[in-house]
Amino acid sequence: MRSVSRAFLLCASLITVLAQAQVSPASDFNVRIGEPFPSIESKDRYYFPFDENVIALKIDGKHWHIQRFSTARLDQASEQEYEDMPDNVVLEWIGKFNDRLYVLYSSEDKKTKQQRLYHREIDPASGTFKGAGAPALTVPGRLRGETFTMLSGMTRLEQRFYVVLSPGREKMMVRYEHDDTKEITAPKGNDLGVAVFGAD
């Protein structure tokens with residue numbers, strides 16, 4: 001039994017040595033290190049490759065940062081902070097739609113008891129928002145939403161609107177559901193809602 005174990009170990013060692021001996025770096029192998037950049041800490045982070053850039057969206061409440069990284073230079077090309085988000089802002093969706101990079105976020109108007117869905121486009125070439133956020137949808141009453149439990153035990157609302165794209169990403173369907181368990185309810189017969197958006 002011992003002779004078999006020793007033979008196995010000898011064979012394994014020989015194979016390892018031969019494998020390492022056959023590995024040699026290519027003559028044109030080159031390692032590049034980009035310039036260092038300051039780290040921006042945030043609760044939520046999202047990264048999207050777009051052409052020769054990587055766009056990073058970092059969110060901490062109403063404080064939103066957009067960082068643009070160059071894949072050619074391996075460094076941070078730009079950084080922009082935004083503090084013009086509405087109160088009670090919730091990120092609903094971010095991604096490519098009609099070859100553009102969009103952010104959808106919602107906010108609850110506690111006075112009018114309305115839910116508003118906003119859209120805002122990110123310019124990947126500059127790493128900035130293209131103008132202010134524009135309302136895409138206004139819904140009366142309260143909506144059901146996904147909740148997230150943090151390490152502290154507190155819960156926060158994550159999502160009220162659900163986004164589905166067509167196979168070609170040229171149309172977007174937004175679905176929402178009223179929460180009839182609350183004091184403020186939706187109009188009768190309007191528990192579920194769907195809105196479809198095109199290229200415009």
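Treat the numbers as computed from the prediction; the structure is a model and nothing was measured.

## Some words on the environment of P124
Argument step 1. With respect to the element layout, P124 can be found in the loop between β7 (114–123) and β8 (128–129).
Argument step 2. The exposure class of P124 is buried, given its relative accessible area of 12%.
Argument step 3. Residues P124 and P49 lie 75 residues apart in sequence; the distance between their C-alpha atoms is 9.2 Å.
Argument step 4. In contact with P124, other than residues within four places in its own chain, are F50, N53, I55 and R68.

## Concerning the pattern of salt bridges
Close approach of charged atoms lets side chains of opposite charge pair.
Argument step 1. Applying the stated rule across the entire model yields nine salt bridges.
Argument step 2. One salt bridge connects E108 with R160, and the closest N-O pair in it is separated by 3.9 Å. Here E108, found in strand β6 (residues 100–109), pairs with R160, found in the loop between β11 (155–159) and β12 (162–165); they are 52 residues apart in sequence, far enough to count as distant.
Argument step 3. Residue R160 is classed as buried on the basis of its relative accessible area, which comes to 5%.
Argument step 4. D109 is paired through a salt bridge with R116; the nearest N and O atoms lie 3.2 Å apart.
Argument step 5. Put simply, R100, E121 and K130 are held in one network by salt bridges that share partners.

## Observations concerning a nonpolar patch on the surface
Argument step 1. Residues V164, M173, V194 and V196 make up a contiguous nonpolar surface patch of about 340 Å² in total accessible area.
Argument step 2. With respect to the helices, strands and loops of the structure, V194 is situated in strand β14 (residues 192–197).
Argument step 3. For V194, a relative accessible area of 52% puts it in the exposed group.

## Focus: the sheet that holds strand β1 (residues 44–50)
Argument step 1. Strand order in this open sheet of four strands is β1-β2-β3-β4, and the pairing throughout is antiparallel. Edge positions in the sheet fall to β1 and β4 (75–82), since each of these pairs with one other strand and no more. The mean angle between the axes of side-by-side strands here comes to 15 degrees, regardless of whether they run parallel or antiparallel.
Argument step 2. Note: β1 against strand β2 (residues 53–60), seven bridges, orientation antiparallel. In the sheet register, F48 faces β2, and the bridge partner there is I55.

## Thoughts on the confidence of the model for the chain
Argument step 1. Counting all residues, the mean pLDDT for the chain is 78, and 72% of those residues have values of 70 or more.
Argument step 2. Mean pLDDT values for the elements of the chain range from 49 in helix α1 (residues 2–22) up to 96 in β8.
Argument step 3. Below a pLDDT of 50 lies the segment residues 1–5, which in the model reaches zero contacts outside its immediate sequence neighbourhood of four places, other chains included.
Argument step 4. This model gives residues 152–156 a pLDDT under 50, and the stretch forms 10 contacts once residues within four places in sequence are excluded.

## Looking at the pairing of β4
Looking along a regular strand, one sees side chains alternate from face to face of the sheet.
Argument step 1. The pairing of strand β3 (residues 63–70) with β4 spans seven bridges and is classified as antiparallel. By the bridge assignment, Q67 is partnered in β4 with E79.
Argument step 2. Here β3 hands over to β4 after four residues, with L74 in that stretch at a positive phi of 60 degrees.

Conventions used here
Residues numbered from 1 in each chain as written. Predicted model: local features only at pLDDT ≥ 70, side-chain atom pairs only at ≥ 80, totals over all residues. Heavy atoms only, no water. Helix = DSSP H or I, 4+ residues; strand = E, 2+ residues; numbered from the N terminus. Buried < 20%, exposed > 50% of the residue type's maximum accessible area, 1.4 Å probe, protein only. Contact = heavy atoms within 4.5 Å. Salt bridge = Lys/Arg side-chain N within 4 Å of Asp/Glu carboxyl O. Patch = residues over 30% accessible without salt bridge, like charges linked within 9 Å, V, L, I, M, F, W, Y side chains within 5 Å. Areas by Shrake-Rupley, 256 points an atom, 1.4 Å probe, with all protein chains shown as cover. Pairing = 2+ DSSP bridges. Axes fitted to C-alpha atoms, helices over the stretch in contact; angles between N-to-C directions. pLDDT = per-residue confidence, 0-100.

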